[in-house]
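Examination of the molecular architecture
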Amino acid sequence: MPIKRGWLEGARRVPSPNCDERPDGEVSLLLLHSISLPPGEFGGEHIERLFTNRLDPAAHPFFAEIHRLRVSAHLLIRRDGECVQFVPFDRRAWHAGRSRWRDGERERTSLNDFAIGIELEGDEVSPYALAQYRALARVVAELLAAYPALDETRITGHARVAPLRKSDPGPAFDWAFFRQRLALQCTESNEHFASRPAGVDPF
């Protein structure tokens, strides 16, 4: 699943208008989120409609509260592991909201400027699917390879950067298992690239 010009190869593209340019071109943080629409229900097109400003407020009472939001994420990973990309990683998606990140000696805000946002289809309580962990590990391994300012210490959840208003991806997300999958995926990716003859484009 290589990344070319900010797009993940193999992901289904659903371009969102809710994005703009990163002010400094920095990509140095990965935020994990969770989302289900309606809350607690999986499947359907409602998440895609929300991120493309097409959510029908009459389709569910909760939608009447949120249909005017102008939000997006770079990527959605559905329960079956399908990846849906809304915004190129090089552009700024609108996912972090009011949030703070301790970056070394400084505290940073405006995290959308430099963060990639990945939404996992989930409700924070139901266990995430194995297919989602597998897909997430593959995607993150590609992001780590594509963006040198990213590393394993710069992956966190929405709850960590906005603890007073957000709790996702929630207690159902198994961080230890994800990091095991990521380490395995990175090892396999490095062995794959190292086995190629010199001069062969790995993509």
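This text gives an overview of the structure that appears in the document. (Residues numbered from 1 in each chain as written. Predicted model: local features only at pLDDT ≥ 70, side-chain atom pairs only at ≥ 80, totals over all residues. Heavy atoms only, no water.)

Description of the pairing of strand β5 (residues 29–35)
Of all the seven residues making up β5, seven are buried; the element is thus mostly covered by neighbouring parts of the structure. Here β5 shows no split at all, with Leu29, Leu31, His33 and Ile35 on one side and Leu30, Leu32 and Ser34 on the other all buried. As defined by bridge partners, β5 adjoins strand β11 (residues 115–121) across seven bridges and the pair is classed as parallel. Its bridge partner lying in β11, leucine 31 is registered against glycine 117. Pairing of β5 with strand β12 (residues 155–157), which is carried by three bridges, proceeds in the parallel orientation. Across the sheet, the residue bridging to leucine 31 is threonine 156, located in β12. (Buried < 20%, exposed > 50% of the residue type's maximum accessible area, 1.4 Å probe, protein only. Helix = DSSP H or I, 4+ residues; strand = E, 2+ residues; numbered from the N terminus. Pairing = 2+ DSSP bridges.)

What to know about the nonpolar core
In terms of nonpolar packing, the biggest core is built from 30 residues, with Leu30, Ile116, Ile118, Leu136 and Leu143 touching the most fellow members. Looking at this core, the element that brings in the most residues is helix α3 (residues 130–146), giving eight residues. Discounting residues that sit within four places of it in the chain, leucine 30 has contacts with Ile116, Ile118, Val140, Leu143, Leu150, Arg154, Ile155 and Thr156. By size, the runner-up hydrophobic cluster in this structure holds 16 residues, among which are Ile47, Leu55, Val84 and Val87. (Core = buried A, V, L, I, M, F, W, Y, C linked by side-chain atoms within 4.5 Å. Contact = heavy atoms within 4.5 Å.)

Quick look at unusual backbone geometry
Trans is the prevailing form of peptide bonds, just as negative phi is the prevailing case for residues other than glycine. With omega at -15°, the peptide bond leading from leucine 37 into proline 38 counts as cis. Residue placement: proline 38 occurs in the loop between β5 and α1 (46–51). The omega angle of the peptide bond from aspartate 168 to proline 169 is 5°, so this bond is cis rather than trans. Here proline 169 is to be found in the loop between α4 (158–161) and α5 (175–194). Non-glycine residue arginine 5 carries a positive phi angle of around 55°. When you line up the elements, arginine 5 lands in the loop between β1 (3–4) and β2 (7–8).

What about the packing of aromatic side chains?
Going through the model one piece at a time under the given rule, you end up with seven aromatic pairs. With 5.0 Å between their ring centres and 80° between their planes, tyrosine 133 and phenylalanine 177 make a pair best called edge-to-face. Placement of the pair is tyrosine 133 in helix α3 and phenylalanine 177 in helix α5, with a sequence separation of 44 residues. Given a relative accessible area of 5%, tyrosine 133 falls into the buried group. Relative accessible area serves as the criterion here: at 25%, phenylalanine 177 is assigned to the partly exposed category. (Phe/Tyr/Trp six-rings, centres within 6.5 Å; stacked < 30°, edge-to-face > 60°.)

That's the geometry; what it means functionally is another story.
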